[in-house]
Amino acid sequence: MANKGKMKLLGITPSAYVNRVQIALNLKRVGYEFVDENLACKSDLLLKSNYKIIEPVTKDHRWYLHPLHYKSSSSSTHHPYNHHLSSMAKNGDIKLLGTAASPYVNRVQFVLNLKSIEYEFIEENLARKSELLLTSNPVHKKIPVLFHANKPPICESLVIIEYLDEFLPDVHRILPLVPVDRANNRFWANYVDNKYFPLYEELRQTPGKEGKEAIKKQIIEGSMLLEETFEKFSNGKAYFGGDNVGYMDVILGCFIAWIQFTEKLNEFNAFDEVKTPKLAKWIERIQSHESFKGAIPRNETLMNFYMMLQIHKPPRAT
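Residues numbered from 1 in each chain as written. Predicted model: local features only at pLDDT ≥ 70, side-chain atom pairs only at ≥ 80, totals over all residues. Heavy atoms only, no water.

Chemist: Any details on the side chain of Asn137? Residues and values, ideally.
Modeler: The topology assignment puts Asn137 in the loop between helix H5 (131–136) and strand E7 (145–148). When residues no more than four places from it in sequence are discounted, the contact partners of Asn137 are Lys142, Val145, Cys155 and Glu156. (Helix = DSSP H or I, 4+ residues; strand = E, 2+ residues; numbered from the N terminus. Contact = heavy atoms within 4.5 Å.)

Right, dumping it as structure tokens:
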């Protein structure tokens with residue numbers, strides 16, 4: 001149990017997101033100090049520790065940005081499911097429902113490749129969603145969906161990746177072992193998925209040169225923030241995960257094809273040797289990785305999907 005004063009929670013009492021952390025701390029009987037935040041005039045502590053996003057927790061001066069996302073997993077070579085997964089993978093009992101143009105599907109394919117898991121790929125037509133998709137993911141009706149033998153379908157790419165990592169932890173571990181490092185990886189994955197990459201769709205839908213230039217500026221600012229994050233995560237090594245491909249390499253890496261495709265269409269660079277020199281080199285490394293090359297679509301596939309988006313989700317009118 002953590003002694004009071006060692007762990008601190010920064011937030012506001014009316015926030016349901018803060019309350020859920022308090023409930024978890026109470027359930028685990030963890031003593032903590034509550035630091036009240038003023039969202040009308042955000043404190044230096046919040047701005048420095050969490051890039052203007054609330055929910056940090058500190059322990060011994062280290063930041064747990066999303067403590068509720070913690071999932072324990074054994075690193076023991078005697079994990080009870082390891083033998084079953086190895087034999088199951090060979091027998092073709094893993095199936096992945098998705099489309100080759102989706103970076104969310106690609107990231108699952110990347111992890112399956114990294115862990116040397118054989119699988120059957122089922123192509124989904126998003127213009128006319130199949131009964132299989134609608135019944136296996138009735139809540140979001142989105143890809144990817146993983147089918148593992150006779151178990152219930154597993155939906156959402158990040159959930160699938162963590163499932164695979166926990167199920168087969170001894171073959172190319174994706175998430176780090178240390179809880180604070182896992183929390184930070186999840187925080188930045190959340191940033192990429194919900195703040196950074198959606199800007200590219202906003203760029204596609206935004207009419208007019210002035211509006212597009214404003215979105216490009218936001219993208220470049222986000223890219224420079226990710227450059228700082230890479231420096232901290234990699235500690236001078238090749239990948240976000242250090243010497244080997246890790247969680248953030250998978251999450252951001254599978255967006256690179258779409259990022260470069262969008263750059264060509266809009267004549268700008270989100271990553272280059274001037275603004276983001278370390279990520280520019282990282283992109284070269286990740287694109288040459290054998291497991292990555294087997295998961296990323298070709299430009300023709302991206303163009304076909306882009307044209308479908310232009311028809312079914314056209315840009316906003318001027």
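The rest of the description comes next.
Chemist: Run through helix H4 (residues 103–114), naming residues and quoting values.
Modeler: Helix length check: H4, at 12 residues, gives a terminal C-alpha distance of 16 Å against a target of 16 Å (1.5 Å per residue), a fit within 8%. Counting buried positions along H4 gives 10 out of 12 residues, so the element sits mostly inside the fold. Buried residues of H4: Pro103, Val105, Asn106, Arg107, Val108, Gln109, Phe110, Val111, Leu112 and Leu114, and no others. The backbone nitrogen of Tyr104 lies 3.2 Å from a side-chain oxygen of the residue at the head of H4, namely Ser102. Just past H4, the residue Ser116 takes up positive phi, approximately 55°. (Expected span 1.5 Å × (residues − 1). Buried < 20%, exposed > 50% of the residue type's maximum accessible area, 1.4 Å probe, protein only. Polar contact = N/O pair within 3.5 Å; in protein donor to acceptor, adjacent residues only side chain to side chain.)

Chemist: Describe a nonpolar patch on the surface, listing the residues and the values that go with them.
Modeler: Among the surface-exposed residues, Leu265, Met303 and Met307 lie close enough to one another that they form a single nonpolar patch of about 250 Å² accessible area. With respect to the element layout, Leu265 can be found in helix H11 (residues 256–266). (Patch = residues over 30% accessible without salt bridge, like charges linked within 9 Å, V, L, I, M, F, W, Y side chains within 5 Å. Areas by Shrake-Rupley, 256 points an atom, 1.4 Å probe, with all protein chains shown as cover. Salt bridge = Lys/Arg side-chain N within 4 Å of Asp/Glu carboxyl O.)

Chemist: Mind laying out the pairing of strand E1 (residues 7–11), listing which residues take part and the relevant values?
Modeler: The buried fraction of E1 amounts to 4 of the 5 residues, a majority that puts the element mostly inside the structure. In this sheet, strand E2 (residues 33–36) lies alongside E1 in parallel orientation, the contact comprising 4 bridges. Paired with Leu10 across the two strands is Val35, which belongs to E2. Following the chain from E1 across helix H1 (residues 16–27) to the adjacent parallel E2, one finds a crossover that is right-handed. (Pairing = 2+ DSSP bridges. Right-handed = clockwise from strand over helix to strand, strands pointing away.)

Chemist: Describe the side chain of Asn266, listing the residues and the values that go with them.
Modeler: Position of Asn266 among the secondary structure elements: in helix H11. In contact with Asn266, other than residues within four places in its own chain, are Leu203, Lys212 and Lys216.

Chemist: Lay out the layout of surface pockets in plain terms, naming residues and giving numbers.
Modeler: Considering only enclosed or pocket space, the largest pocket measures out at about 1700 Å³ in volume. Taken together, 49 residues make up the lining of the largest pocket; nearest its centre are Ser102, Tyr104, Lys142, Ile143 and Phe197. Counting residues per element, the ones that place at least two in the lining of the largest pocket are H4, helix H6 (157–167), helix H7 (179–196), helix H8 (198–205), H11 and helix H14 (299–312). The class makeup of the residues in the lining of the largest pocket is 24 nonpolar, 11 polar and 14 charged. (1 Å grid on protein atoms, 1.4 Å probe; cavity = no way out; pocket = protein on both sides within 12 Å on 5 of 7 lines; lining within 4 Å. Points joined across faces, edges and corners; volume = space filled by probe spheres on them. Nonpolar A, V, L, I, M, F, W, Y, C, P; charged D, E, K, R; others polar.)

Chemist: Lay out unusual backbone geometry with the relevant residues and their values.
Modeler: Of the consecutive residues Ile143 and Pro144, the connecting peptide bond is found in the cis state with omega at 5°. By the element assignment, Pro144 lies in the loop between H5 and E7. A positive phi is found at Ser116, a non-glycine position, where the angle reads about 55°. Residue position: Ser116 is located in the loop between H4 and strand E6 (120–123). The backbone phi angle of Lys141 is positive, close to 60°, even though this residue is not glycine. By secondary structure assignment, the location of Lys141 is in the loop between H5 and E7.

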